[in-house]
Structures are given as structure tokens and as C-alpha cells.
Amino acid sequence: MASFFTATLKSFQGGKDESPKGASKDDKAAALPSSMAREEFEEYQRQLLEEKIERDKAFAQRKAERATVRMHLRDKYHLAQDERDDAQVHVAGGAVELPPDLAAMVHSEEEEEDGSAGAFAFLAKLRQVELPALRDRALGGVDQVREKCALM
């Protein structure tokens, strides 16, 4: 990091190869641009560190959300669980809530699977229908159409 600032400083000075006398390579003050005070530089470094931590947290959260989706899908299809997914969820803080779009994706697939159960439910309800009454109603409708149409 210090070498980056040193190289940048040299480019601003017109490529002079002068190094500050009495300053070690590890000293941050040697890498300070001339327009930035030490306090400003420390504040800049602190902001960079905070931004990096926030990005890392957001990245870990997204990874945990993806792992949660994979875990839900493995539960749904009765597949073996992966320990890495559990570890990613644990790193993110344990309880991970899915974003609405991912939750909708998981639930829509569950509804598709429940569609086969819906067909069985329909067949069960079909047994309760009175077929003679339905047949009489259909024949009555056909008779009405025959009366209106001379060609039949």
C-alpha cells in the first residue's frame, strides 16, 4: 500500500527519484500525499476499512441466501444436505430470511408439486358429484339446442 502511494507521489512530482531521508518503508507518513494531513489519511483508511467490512457482510448475506435456497430445494426434493450450506448460513448469523423474489421462486415450485395432489383432490371431489343429475342436465341442454336448430 505504501509503495502505491509512493509511486503515485513520484508521478505527481514529475518522476523524481528522491526518497525522504530518515523515513522507513513501513512508515505511513512517508506515503502521505503532500495535500493530505495524517489525520485525514487515517480517516480515509478507516472509511476504506468500514466500506470493505460492509461489502463483505453484504456478500456473506447473499451467499447465505443462496445456501438457504439450496437447502430448501434439497428438503423439497429429498436430496442429501451439504455441510457447506449450513456453514455459510452460520457465518451470516444463523437465521437468514429469503428475499421475496427467492421465496416466491421456492414457493412456486412447491405449488407445482402440489398440483399433482390437486388432481387427486379433484378426483376425490368428482366421486361426490351426482352423475345422474349431471347427465339429465346435459341431455336437457341438448334437447333445447335441437328445438332451436332444425338441422339436428
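The shown structure was predicted, so the numbers you read here are calculated from the model rather than taken from an experiment. (Residues numbered from 1 in each chain as written. Predicted model: local features only at pLDDT ≥ 70, side-chain atom pairs only at ≥ 80, totals over all residues. Heavy atoms only, no water.)

Points about the pattern of salt bridges
Defined as follows: Salt bridge, as used here, is a side-chain nitrogen of Lys or Arg placed within 4 Å of a carboxyl oxygen of Asp or Glu. Each helix corresponds to a stretch of at least 4 residues labelled H or I by DSSP, and each strand to a stretch of at least 2 residues labelled E; elements are numbered beginning at the N terminus. Exposure classes here rest on a 1.4 Å probe applied to the protein chains alone. A residue is buried below 20% of its type maximum, exposed above 50%, and partly exposed in between.
Evaluated as defined, the whole model comprises six salt bridges. Here R46 makes a salt bridge to E43, at a shortest N to O gap of 2.4 Å. Residue R46 and its partner E43 are located together in helix α2 (residues 38–76), separated by three residues, close to a single helical turn. With its nearest N and O atoms 2.8 Å apart, the salt bridge here joins D82 to R84. Judged by its relative accessible area of 61%, R84 is exposed. A cluster of three or more residues bridged by salt bridges with shared partners is formed by R70, R74 and D85.

Section: α2
In plain terms, the rule: For a helix, the expected span equals 1.5 Å multiplied by the number of residues minus one.
Across its 39 residues, α2 extends 57 Å between first and last C-alpha, which sits within 8% of the 57 Å expected from 1.5 Å per residue. The set of residues buried in α2 consists of F41, A64, E65, A67, T68, V69, R74 and K76. Directly beyond the C-terminal end of α2, a positive phi value near 55° is found at H78.

Observations concerning the confidence of the model for the protein
Counted only if it meets this: Scored from 0 to 100, pLDDT records how confident the predictor is in each individual residue.
Looking at the protein, pLDDT values average 75 and 65% of them are 70 or higher. Of all the helices and strands in the protein, helix α4 (residues 100–126) carries the lowest mean pLDDT, 65, while α2 carries the highest, 90.

What to know about the side chain of D85
Here is the rule we go by: In protein, a polar contact means a hydrogen-donor-capable atom and an acceptor-capable atom, both N or O and within 3.5 Å, with residues adjacent in sequence counting only if both atoms are side-chain atoms; elsewhere, any N or O pair within 3.5 Å suffices. Here, two residues are considered to be in contact whenever any of their heavy atoms come within 4.5 Å of each other.
Mapped onto the elements of the fold, D85 is located in helix α3 (residues 83–91). Note on D85: relative accessible area 2%, which makes it buried. At a separation of 2.3 Å, a polar atom in the side chain of D85 contacts the side chain of R74. Setting aside chain neighbours within four positions, we find D85 in contact with A67, R70, M71 and R74.

Describing unusual backbone geometry
Negative phi is the rule for most residues except glycine; trans is the rule for most peptide bonds. One non-glycine residue with positive phi stands out, namely H78, at about 55°. You can call H78 exposed: its relative accessible area is 71%.

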